[in-house]
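Structural overview for review
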Amino acid sequence: MKIQMLSIIALACGKPSHGPTMGGSGSGIDADEHIPTSTDTDADADGGADADDTATPNGGDADADVDADADADADADADADADTAAPGIEGTGYSRGDIAYNLTATDQGGNPFALYDRLGGTIAMVVGNLDVSTTSDTLSNIQEIAADHPGVTFIAFIGRDATGAQCGQSCAAAVQGTYGFSPVIWEASAAMPTFNAWAQAMNTRTYIIDSGMEIFWTKSGTANGSQVDDKLDDLD
């Protein structure tokens, strides 16, 4: 009887209540349940990137947004400078009653020229080519009456010199020395888009522009001194 009792007790104590354990822990819980997987570790490492995406719209375009803002500020500054540099007027055309455009070119000394710098004064301007007589005749005619109008700026805008070549700085200086106009301006571009716009398909075209940059009078071809004199008197 005693032997049977001992056998029963031995069998009862040796029977496991769960499946086999790992690492001899004796707890009966799978060790994998306590060890983060490699997928979990990668997710944690990506946490910084997720944080950036949350802080920055569209997944981290902060640099692009900053650059765009900087470009916008630069454009605004450029616009402000342009508004400050030029009077608050806008050109409308090349005919009588139009507001003259801000003609820009280079003068006989190689200096930049802008028509709007003369705002507030009367301007008489001859636009022409020296390889036709109408231009040289007009320059001579206006030279004769210029002294009677000391407050007027007399400008010559020359396209071609007497040989038919494009006028440059030496050509402009020669015109200034011969006819007394100052400034004498010329265009560096071989296509001469500004000259052609002001010439209006004419070899010679004369403009009188008032103090507000309105075109008061124009003449295509030869302008007589008496014509120009009368028109300038009207503005005095």
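Look a little higher up for the structure.
Residues numbered from 1 in each chain as written. Predicted model: local features only at pLDDT ≥ 70, side-chain atom pairs only at ≥ 80, totals over all residues. Heavy atoms only, no water.

Observations regarding the pairing of strand 1 (residues 104–107)
Examined bridge by bridge, strand 1 and strand 2 (residues 112–114) share three bridges and lie antiparallel to one another. Bridge pairing in strand 2 links A105 to F113. In this antiparallel pair of consecutive strands, strand 1 and strand 2, the connection spans four residues, and G110 shows a positive phi of 85 degrees. Bridge analysis of strand 1 against strand 5 (residues 184–186) gives two bridges, and the strand direction is antiparallel. Paired with T106 across the bridge in strand 5 is W186. (Pairing = 2+ DSSP bridges. Helix = DSSP H or I, 4+ residues; strand = E, 2+ residues; numbered from the N terminus.)

A short note on unusual backbone geometry
In this structure, P183 follows S182 across a cis peptide bond, with omega equal to 10 degrees. Tracing the backbone shows P183 in the loop between helix 7 (169–179) and strand 5. You will see that Q200, though not glycine, has its phi angle at about 55 degrees, which is positive. Checked against the element boundaries, Q200 lands in the loop between helix 8 (193–199) and strand 6 (204–209). The class of Q200 is partly exposed, set by a relative accessible area of 34%. Residues other than glycine seldom take positive phi values, yet M213 does so here, at roughly 70 degrees. (Buried < 20%, exposed > 50% of the residue type's maximum accessible area, 1.4 Å probe, protein only.)

Structural notes on the state of the cysteines
For the structure on display, the rule yields one disulfide. Sulfur-sulfur distance for the disulfide between C167 and C171 comes to 2.1 Å. Because the torsion about its S-S bond is -100 degrees, the bridge between C167 and C171 counts as left-handed. What makes C167 buried here is its relative accessible area of 3%. Of the residues examined, C171 reaches a relative accessible area of 10% and is grouped as buried. (Disulfide = S-S within 2.5 Å.)

Considerations on the packing of helix 6 (residues 133–145) against helix 7
It is the contact of helix 6 with helix 7, at a shortest axis distance of 10 Å, that shows an interaxial angle of 45 degrees. Between helix 6 and helix 7, the interaxial angle falls into the category oblique. Where helix 6 approaches helix 7, its residues S136, L139, S140 and Q143 are matched on the opposing element by V175, T178 and Y179. (Axes fitted to C-alpha atoms, helices over the stretch in contact; angles between N-to-C directions. Parallel < 35°, antiparallel > 145°, perpendicular 65-115°, else oblique. Contact = heavy atoms within 4.5 Å.)

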